[in-house]
Amino acid sequence: DAGITQSPRHKVTETGTPVTLRCHQTENHRYMYWYRQDPGHGLRLIHYSYGVKDTDKGEVSDGYSVSRSKTEDFLLTLESATSSQTSVYFCAISDGGGVQPQHFGDGTRLSIL
Amino acid sequence: GESVGLHLPTLSVQEGDNSIINCAYSNSASDYFIWYKQESGKGPQFIIDIRSNMDKRQGQRVTVLLNKTVKHLSLQIAATQPGDSAVYFCAENRGNRDDKIIFGKGTRLHILP
């Protein structure tokens, strides 16, 4: 899938714990994105990156932070997980931002109890 | 499998018939549109895209039509096959070379034998 690896693929954790999800790409694409997908809401953008150390907020950024220290890795952190953050998280990459297709990883299913 | 897609509009099509999936958008400045296919347990997969300077674009067994007058986008799948069964999303870039795309809620395509 376009050289995108998300890890872990599944995680169960407890409310209040920190969680970090990793997205790794081998395509050398400039742009990387984190989405969450919930029934009835489709895909919603959390944060995205337009270069190393360059990030911006998306539609549902509260409670999440991101970091991009090198081109190939984009980390999503939930500092103190809440049950409302139970979701499926997708990473996407693009060579041209919003004017070229984004290509997606296979997702991380996160359950917060 | 994924719980994504609960309560989605569903289109049921006989195998071998053509499928037409529709999408409305509201922003007249949107200038780039993408269709994605999502199978259970996987990330969205790019199908075809179209820019606002075009009305129609064809791929392998798929055609995207763009009607800017009524802000309507459609995906036509010829000779629908069982493997076409999935949730289909349209997405749009809202212009000004925005780095982001916005996803619609999706339509589930169900293939009847």
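Above this text you will find the structure in question.
Residues numbered from 1 in each chain as written. Chains lettered and ligands numbered in written order. Predicted model: local features only at pLDDT ≥ 70, side-chain atom pairs only at ≥ 80, totals over all residues. Heavy atoms only, no water.

What follows deals with the side chain of T108(A). Residue and element names in this part refer to chain A. Within the secondary structure, T108 is located in strand β11 (residues 108–112). On the basis of relative accessible area, T108 is assigned to the buried category, the value being 0%. Separated by 2.5 Å, the side chain of T108 and the backbone oxygen of P8 make a polar contact. Setting aside residues up to four positions removed in sequence, T108 forms contacts with Q6, S7, P8, R9, L21, S87, V88 and Y89. (Helix = DSSP H or I, 4+ residues; strand = E, 2+ residues; numbered from the N terminus. Buried < 20%, exposed > 50% of the residue type's maximum accessible area, 1.4 Å probe, protein only. Polar contact = N/O pair within 3.5 Å; in protein donor to acceptor, adjacent residues only side chain to side chain. Contact = heavy atoms within 4.5 Å.)

Right, let's get into the pairing of strand β4 (residues 31–38) of chain A. Residues and elements named next belong to chain A. Counting buried positions along β4 yields eight of eight residues, so the element is predominantly enclosed. Alternating positions in β4 separate into two faces, Y31, Y33, Y35 and Q37 on one and M32, W34, R36 and D38 on the other, with burial throughout. Bridging between β4 and strand β5 (residues 42–51) involves seven bridges; their strand directions are antiparallel. Bridging across to β5, M32 finds its partner in S49. (Pairing = 2+ DSSP bridges.)

Next up on the list: the state of the cysteines. Two cysteines form a disulfide when their sulfur atoms are joined by a covalent bond. A complete count under the given rule lists two disulfides over all chains for this structure. One disulfide in the model links C23(A) with C91(A); its S-S distance is 1.9 Å. Note on the C23(A) and C91(A) pair: the S-S dihedral is about -70°, so by sign convention the disulfide is left-handed. Taken as a pair, C23(A) in strand β3 (residues 19–25) and C91(A) in strand β9 (residues 87–94) lie far apart in primary sequence, 68 residues in all. As far as the burial class goes, C23(A) and C91(A) line up, both buried. Between the sulfur atoms of C23(B) and its disulfide partner C90(B) the distance amounts to 1.7 Å. Highlighted residues: C23(B) in strand β2 (residues 19–24) and C90(B) in strand β8 (residues 86–93), separated in sequence by 67 residues. (Disulfide = S-S within 2.5 Å.)

All names here are of chain A. Read across the open sheet, the four strands follow the order β1-β3-β8-β7; overall the sheet is antiparallel. A strand with exactly one partner marks an edge of an open sheet, and here the two such strands are β1 (4–7) and β7 (64–70). Adjacent strand axes in the sheet meet at a mean angle of 15° when their direction is disregarded. The sheet contact formed by β1 and β3 spans four bridges and is antiparallel. Among the inter-strand pairings, I4 is bridged to a residue of β3, identified as Q25. (Axes fitted to C-alpha atoms, helices over the stretch in contact; angles between N-to-C directions.)

Moving on, we come to the pairing of strand β7 (residues 72–77) of chain B. When a strand is regular, its side chains alternate between the sheet's two faces. All names here are of chain B. Relative to β7, β2 runs antiparallel, the two sharing six bridges. In the strand pairing of β7, C23 is matched with L73. In this sheet, β7 lies alongside strand β6 (residues 62–67) in antiparallel orientation, the contact comprising six bridges. Residue pairing for β7: L65 is matched across the bridge by S74.

This next bit is on the sheet that holds β2(B). Residue and element names in this part refer to chain B. Ordered in space as β2-β7-β6-β5, the four strands form an open sheet in which the pairing is antiparallel. Looking at strand neighbours, the two that pair on one side only are β2 and β5 (56–58), the edges of this open sheet. Along the sheet, successive strands turn relative to each other by an average axial angle of 15°, direction set aside.

Taken together, the contacts link 26 residues of chain A with 25 residues of chain B. A buried area of about 2,000 Å², summed over both sides, lies between chain A and chain B, and 55% of it is on carbon and sulfur atoms. One can count zero salt bridges joining chain A with chain B. Along the contact surface separating chain A from chain B lie nine residue pairs in polar contact (both at pLDDT 80 or more). Listed by contribution, the elements that provide at least two residues to the side of chain A that touches chain B are β4, β5, β9 and β10 (103–104) of chain A. If one sorts the elements of the side of chain A that touches chain B by residue count, β5(A) sits on top with five residues. (Buried area = accessible area lost by both parts, 1.4 Å probe. Salt bridge = Lys/Arg side-chain N within 4 Å of Asp/Glu carboxyl O.)

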